[in-house]
Structures are given as C-alpha cells and as structure tokens.
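Residue strings, one per chain:
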There are 2 protein chains.
Amino acid sequence: MATERSVSGGLEWRVTIPEGSSVGLEPESSPLRKGWLGLVELANTMRSKVSGLGNMVWRLGADDPRKVVHGLKVGLALALVSLFYYTRPLYDGVGGAAMWAVMTVVVVFEFTVGGCLYKGINRGIATLTAGALAIGVHWIANKSGETFEPIIRSASVFMLASAATFSRFIPTIKIKFDYGITIFILTFSLVAVSGYRVDKLIELAEQRLSTVAIGIFICFLVAIFAFPVWAGSDLHLLITRNMDKLADSLEGSVDDYFSNDQTSEKEEAPSKKSQAYKCVLNAKASEDSLANLSKWEPPHGRFSFRHPWSQYQNIGTAMRYCAYCVEALNGCINSEIPTPEFTKKQLSDICIQLSSDCSKVLKDSSNSIKSMQRSGSIDFLVEEMNNGVQELHDRLTELQTDDMSLREVLPLIAAASLLIEIAKRVEGVVDAVDKLATAASFKNANDEKPEKTEVVTVEPVKELC
Amino acid sequence: MATERSVSGGLEWRVTIPEGSSVGLEPESSPLRKGWLGLVELANTMRSKVSGLGNMVWRLGADDPRKVVHGLKVGLALALVSLFYYTRPLYDGVGGAAMWAVMTVVVVFEFTVGGCLYKGINRGIATLTAGALAIGVHWIANKSGETFEPIIRSASVFMLASAATFSRFIPTIKIKFDYGITIFILTFSLVAVSGYRVDKLIELAEQRLSTVAIGIFICFLVAIFAFPVWAGSDLHLLITRNMDKLADSLEGSVDDYFSNDQTSEKEEAPSKKSQAYKCVLNAKASEDSLANLSKWEPPHGRFSFRHPWSQYQNIGTAMRYCAYCVEALNGCINSEIPTPEFTKKQLSDICIQLSSDCSKVLKDSSNSIKSMQRSGSIDFLVEEMNNGVQELHDRLTELQTDDMSLREVLPLIAAASLLIEIAKRVEGVVDAVDKLATAASFKNANDEKPEKTEVVTVEPVKELC
C-alpha cells in the first residue's frame, strides 16, 4: 500500500469521522496506471518472497554447513560414477549396465555414514539373493514349455512379492531390512520376468551385480572419507544436548516462578531457556532413526565396535518421562491464580535449591556421557538432590498458610509436588546413564584425570532439535 | 533342561546341602549321546522360535487384514505389469524400457492411496522435468566438441545434484517433494550422462517416460480400486481413537486412585485402561505422516476435496498437551506416600466427577469428529466441566486436614491441581476440534438428526497406536 501511494504520487485526503476512525480517500487512477501499480506490487511481493527464501536457505546452510557439504558429496559421487561412461575400457566391461551404478549412487547416498551403509549393505545382499533366486526360477520356467513359462514366472513373482511385502510389517524386519526388501522384490521381478525376453540372462545379472557393487563402493568411499557424518556421533550429541536443555529449562522454569513477583511478569513470554525442554518431548523420532542407523556404522572416534546405541534410546525415554513433568510444572506455574508472595517466599529457597540440584545431576550425567567417563560426583549429587526432596517435604509440613485458603497456595503446592516427582524421574535418567556407562565400559573418573578437551572434540551440530 | 532329562532317561540324584539349596547330579553320558541331546535341544529351540514367529505373523495379519491384502495387491500390480513382457505387441512398443514399468510399480506402490499418489505424482513430474532438462544439456554438450562434452555433462550433473540434494533440507520441500527430488537427480544423471554413449537418446527418453507412466497408472489403479487404504480415513480414525483412549485413561487413572484403598492395591499393575494415554504421547510421527499423505488423496468417503487435514495435527498436538498432564497425574497418584483415606474421601466424589466430566467432553468431541457434525451438547458439557473445576477449587478451600501434615495430603492436592490443569487443556482440545468443524464445515447436529450408523461405517483399524 505504501508503495502504491508513493508511486502514484497523488494527493491523499483524510476525513476524520466523529466515531474516531479515519478513512483514507485515494485519488482515482487510470486502468493503465492501475495495471502498472499492480505489476510493481507483484514484483515487490515476488522479490520479498524470493529474498525470504534466500535468507532461509542461507540460514539452513550457515547453521549446519554439513548440509551443504552433503550436497557437494552427492555431486562428487555422481561425477565419479559418470567416469564409467567416459572411459572406454570401463564402459566396455559393463555395457548398458553402467546405469545401475548411477542409480545405486543416487538412491544409496544418505546424509549419515550409517544411512549409506544401511542402504548399501541392504542393496548388495538383496540384489545378490534375489538375483540368484530369480535365476533359479528362470531355469525352471525355461524348461517347462511355452504355455507354463509365463505362468511360472508370474506366479513366482506374485507369491514372492506378496510375502516379502507383508514381511515388511514385522517390526524388526522393518527396522533393519525395509530397503533391502524393496530391492529384493525389484531385482527378483526384473530378473525373473525379463528372462522371458533376454537371452544372456546370467551375463546380464553378473553385469548388474558388479555395477551395483561399484556404485555401493563409491558411496561408501565418499561417505566415509570425505567429511563423514556419523549417525552415532549425532545421536551422542543429541542426547547430551537435550539433557543440558532439560536441566536448563527445569532450573529456568522454577527460577522464573520464584524470582520475580509473578503478577507483573506474567504477561511476558516465558524465557527461551525455560522452554528448551520441548526439544526433548519431540526428539523420539530422531533418536530412534539415529540409533538404528548407528548400529550399521564401523567403530569411529571414541565409539568402539558394538557400542550400545540402543541404550541411548532408553536414556531418551527416561528424559522424556522427566520432560512430561516439566511440561506439567510449566502449566501449573502459569496458573491463573497468583500465589501470595508471603507463602511463596517460604518455599522459594528450597524449591530453587532442589531444581538446581536436579539440574546439576542432569548436567553431571550429560558431562559423563560427553567425556565417556563415569562421574565421580554423581552419587553425591543424587544424595544431595534426595536431601533436597526430604527437606521440601519437611518444609511443606511446616508451611504456614495463615488465613489463606488452600486454594491460593494450590499452584505452589502442585509445583512443589511436581518438583518432587521430577527429582524421582531424574533418578531414572541417572539409572539409564549408569546402564550406558556399564554397557559401554566407561572409565572411572578416578582412574585418570578427565580430559576436558575430549568434550570439545565433538563438532557442534545446530538445529538438531 | 527338562527335555534333556526326560530324553536321557537316566537316574537323578538330589543331595540336600545344609544351607538349604539343593544340587542335582546328572548321570554322565557318552559324547555321542551328548551330541544327540544337543541336536534335540537345538531343534526344540528352533521349533519354539519358529512357532513364536509364526504366531506373531499370524497376529499381525489377523489384527489388520489390510496388511495381508496390501501384500497381495503388490503381487497383483507386479503380475499386471509383467504382462508387458509376455505380450509381443506391448513389448515391441517399448522394448528394453519395459523394466522401468516394473521398477516403478515396486517403488511407487505404498500402503495408503496417499502414499501411492505422493510417490507416483512425484515420480511422474520429476521424470518429465529432469528428462527435458537433461535433453537440453545433452544438446549443448553434443555441440561443444569432444574435449568439452564430458566436462559439460559432469559439471551439470555435479551442480544440479548438489543443489537438488541440498534443497531436500528445506522443510516444506522435504515434506512434499523428497521422493521427487531423488527421482529428479536419478533421471537427470542417467539421461545427461548416458547421452555420451547412447545414440537415440530422445527415443529412449520417450520410451522410459511412457513406461514409467504405465507403471504409475497400474499402481494408481490397483491402489484406488482394490480395497483402498486411505491415509485420510486412517488419520481420522487415529485421532478419534486416541481421543477416546485419552478420555478412558483419564477417567481410569482417577478411578483407580480413589475407588479402592490405595495401600493394598498399590502393588497391582495399573489397569490397562488407565495406561491408554501412552498411545497419544507417541502418536506424533504417525499423525504427521498420515496428514502429509492425506493431502495427496482425492475426495473419498465423507472427506471432500481440500479437507483440512493439517487441523488433525493440531488436534493431535492439543491431545498430547493434555496427555503430558495425565502422565504427570499418574506419577503423582503412584507416589510413595499414601494419603489417609479420610482426607481422600473428602475430595473423592468431586475429583471422580471432574475426571468424568473431562472424559465426557473428550468423548463428545471425538463423536463430533466421528460423525462429522457439530456437537449440540459440547457447550453444556464444557460448562459442566468448568463448574466442576470451580467446585473442586471450593472444596479445596474447605479441606479439613485435621492434625495431618500437609506432607500427607500432598499427592492428593497435587492430583487435584493437575486435574484442574487437565480440564484447562481439554478445553484446548475442544477449541482445536471446533476449528476443524469450522474448516471442514461440519453440519450442526440440530440441522438434522445425527445418523448413528455413520459413526459405524468407518472400518476398525487395530494396532494403529
């Protein structure tokens, strides 16, 4: 509108109407001018949209440059595989089957090394087994006469495809071999059916298998050696970051509630810190996917072979269990009934203390995972937290409600009660971390000086939430 | 062990040891016998494992026969497409490109119609645009001399693949076009690179495009006309079922707490009904995926074109918001400190009443979605619920804690407080349902008599949780 006015450059009358509202009257313009103005406006809208998109894309790349690198890696892998077409001896070796190498690179190359290995290994095994099985079927069909041949081929495809598709609904198979089953059906159908028309089937199958293998090999090469993104490291980082966020938001929420007089501050948005727990609530899908992919990865960095990745999922569950209560606590804290300052003061110090204790326990656990060492102080911190719970219980007993009704102290008591529940659930997190420490044989912190630098070596990943 | 004994048939001595434990001594057996026994045991383990798997697979199929049907549908689609190879005129028309039809069917056929349409439309558009673009590049490369030709081809593949891969990280593109971008990169790379060796590139591209189209067409045909599974109906059902579950478990939890004397019942596992809310907590991934697929579906059943599917996601979020509090409530209820029966009795009726009110509101909302009619009673029910909240507030004011410390009534007060918070969040669910009713123009219940049968027409889907 502002643009339109400045472009039209016409006069503008403003009439004040008794009710207090004002109406702007604009000079009438010719259809041509209107059209021109419309075009200008359209161009402006487009420009702002494009620049908005540009900004968004820029931020996406700046926040996690690994995404840009991933794009370049895919380009590199494809450029490598296209050498097959340009180099005469290579192309002559595999002929038209070279396209399978290109296809393999496009569909197998994933963001994480684990994703690549999962797809590559699935594809390799599925191609091999389905190809062998299909050649067997082809052999039988070939011997059974012209009438039965198509029937045997189609019936075998129908039955195998049906059974294999159904097997994808079995959870363990779905998690580990979903992609492999697609490729199994694909390869089996192609080989079994096209055997009807193609003469040199075995040669063809051999060529395809070798080109698929070459495609997989190029993917693995680029994924592992050019700026690898390990699903395992990402999972490790996601869990520790979320644990820190949970600790921060627990402390932040309680601080927000007690530190200022609630009534005046209420209209303000809750601090960003205190809302960080929401990341934990929605992390299940990422955790599950990363944990499943991590299992395909070879030892890397500080993670040995058979690192107990699924234990990270348990820690995630324990954290979520805790975050549910933090969520409820936030709800109670923002209740409409303001608690009198006098009553609040009575519990303020112990509640802040307890939330800080819980937060310390969580941060200590998170540091223990980060450094992959058993914490020397966790037992002490948990004991301190439990003492805090005990003291809060005691203080609740002595709480002077004066003349106030229970109604007014309700949010306070609910918050205190939830805080006690949260402390219990924080212990659940500690237990889960302890199980990880046992399963991954974390060193004792006493055995050697904790190396502070080790914590820093993990590359920062933004936007993981 | 039992098997081993019965097979060996030998005597068995049992020596009672002073400490009270007893040790079984088994007769020594020959290596041959040992080997045989080992085999028998192995066979038994195998048999039990296989029968366990068989049972699981059977249950999977029995719980949701649509999964079995899906397997058969994939088989059918593949059998249909394999006709291409057997029918001379069809095969001659497309030649070796017939394999693309098979490939398309295998990768495009998804469980839901929405999934099929999403992949099919993505594949079709991506193949077309990438093919056209690649032929343009091929034309330029062809004219630019022997030295530059491979460079132009590879550089274009590198740049396009990098950019397209990076664009997959943009959330909106990821949700709508993820599969399309894979196919875009695949087709572009194949056509642009293989143009170096293949002479009749345009003819080849045409053949591939038409076979891909045939594959997509067969998929759509089978998906839509043979026992279709609509993502939209599933989402509709998932949301209403979860709402019922939430209502049940809210009522169940409060009932469990108040109905019996807590101390004696505590050791028992919480009733299954009261744990149903856990489905709601973990439903986010399913809801999001179903909602995204639903948007690709044509009008079906009672769902018109542009049915507001994303509003279901908002309802899901509101329900989860409510479920967090139910989770915290369950935690508080199972607290270690038993509340004296006398105090509990004072709030028992009103708490049970309020939880039943909340549950009624949720069930009424769920029925409103099921029948796709605005509820005539929802305002009244919400008012009743709010009256319940008010009364609970009042009763808390009058609560006689006698000589007891606040510590002992803590779980009770926390539960009451959470119940109040839950009532607030149930209103959030009602608001979300109301928005859906507006967006989907639900009829007023008053306009016509609600048809009870309509509610039943939705097929039951088990294991949706």
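All of these numbers come straight from a predicted model, not from anything done at the bench.

To continue, consider the domain arrangement of chain A. Quoted interface sizes are often the accessible area lost when the parts come together. Residues and elements named next belong to chain A. Examined at the domain level, chain A breaks down into domain 1 (65–225) and domain 2 (231–452). Counting residues at the interface gives 12 residues for domain 1 and seven residues for domain 2. Taken over both partners, the interface formed by domain 1 and domain 2 buries close to 780 Å², and the fraction arising from carbon and sulfur atoms is 71%. Counting the contacts that link domain 1 with domain 2 gives one salt bridge. For Arg 66, the salt bridge is made with Asp 234, and the minimal N-O distance between the two is 3.1 Å. On inspection of domain 1 and its partner domain 2, the count reaches two residue pairs in polar contact (both at pLDDT 80 or more). Only helix H6 (113–143) and helix H8 (171–194) provide two or more residues apiece to the side of domain 1 that touches domain 2.

Attention now goes to the confidence of the model for chain A. In low-pLDDT regions, the fine details of the predicted coordinates are not to be read closely. On average, chain A scores 80 in pLDDT, and the residues at 70 or more come to 81%. Predicted as a complex, the structure gets a pTM of 0.81 and an ipTM equal to 0.81.

With an RMSD of 0.1 Å, chain A superimposes on chain B once it is rotated by 180° and translated 0.0 Å along the axis. In symmetry terms, the pair is related by a two-fold rotation axis. A high fraction, 100%, of the interface residues of chain A reappear at the interface in chain B, so the copies pair face to face through one surface.

According to the stated counting rule, one finds 32 salt bridges over all chains in the structure shown. Ionic pairing is found between Asp349(A) and Arg395(A), a salt bridge with its closest N-O pair at 2.6 Å. Of this pair, Asp349(A) sits in helix H15 (residues 341–371) while Arg395(A) sits in helix H16 (residues 378–398), and the two are 46 residues apart along the sequence. With a relative accessible area of 45%, Asp349(A) lands in the partly exposed category. Three or more residues joined by partner-sharing salt bridges are found here, namely Glu327(A), Glu421(B), Lys424(B) and Arg425(B).

The rules behind these values
- Each chain has its residues counted from 1, running along the sequence as written.
- Following the order in which they are written, the chains are lettered starting with A and the ligands numbered starting with 1.
- With pLDDT at 70 or above as the cut-off, local features in this predicted model cover only qualifying residues; side-chain atom pairs require 80 or more to be listed or tallied, and sums for whole chains, interfaces and linings still use all residues.
- The basis for every side-chain value is the complete set of heavy atoms in the structure, and neither hydrogens nor water enter the calculation.
- Boundaries between domains were set according to an automatic or database domain assignment.
- Two residues qualify as a contact provided that any one of their heavy atoms is within 4.5 Å of a heavy atom in the partner residue.
- Take the accessible area each of two parts loses on contact, using a 1.4 Å probe, and add the two losses: that sum is the buried area.
- What counts as a salt bridge is simple: a side-chain nitrogen of Lys or Arg found within 4 Å of a carboxyl oxygen of Asp or Glu.
- Between N or O atoms, a polar contact is any pair within 3.5 Å; within protein, one atom must be a potential hydrogen donor and the other a potential acceptor, and residues adjacent in sequence are included only when both atoms are from side chains.
- Per the convention used, a helix needs a DSSP run of H or I reaching at least four residues, while a strand needs a run of E reaching at least two, with both numbered from the N terminus.
- Each residue carries a pLDDT score, the predictor's confidence in it, ranging from 0 to 100.
- For the least-squares superposition of copies, only C-alpha atoms count, and only for residues with pLDDT at least 70 in both.
- Summary of the burial criterion: residues with accessible area below 20% of their type's maximum are buried, those above 50% are exposed, and those between are partly exposed, where the area comes from a 1.4 Å probe applied to protein chains only.

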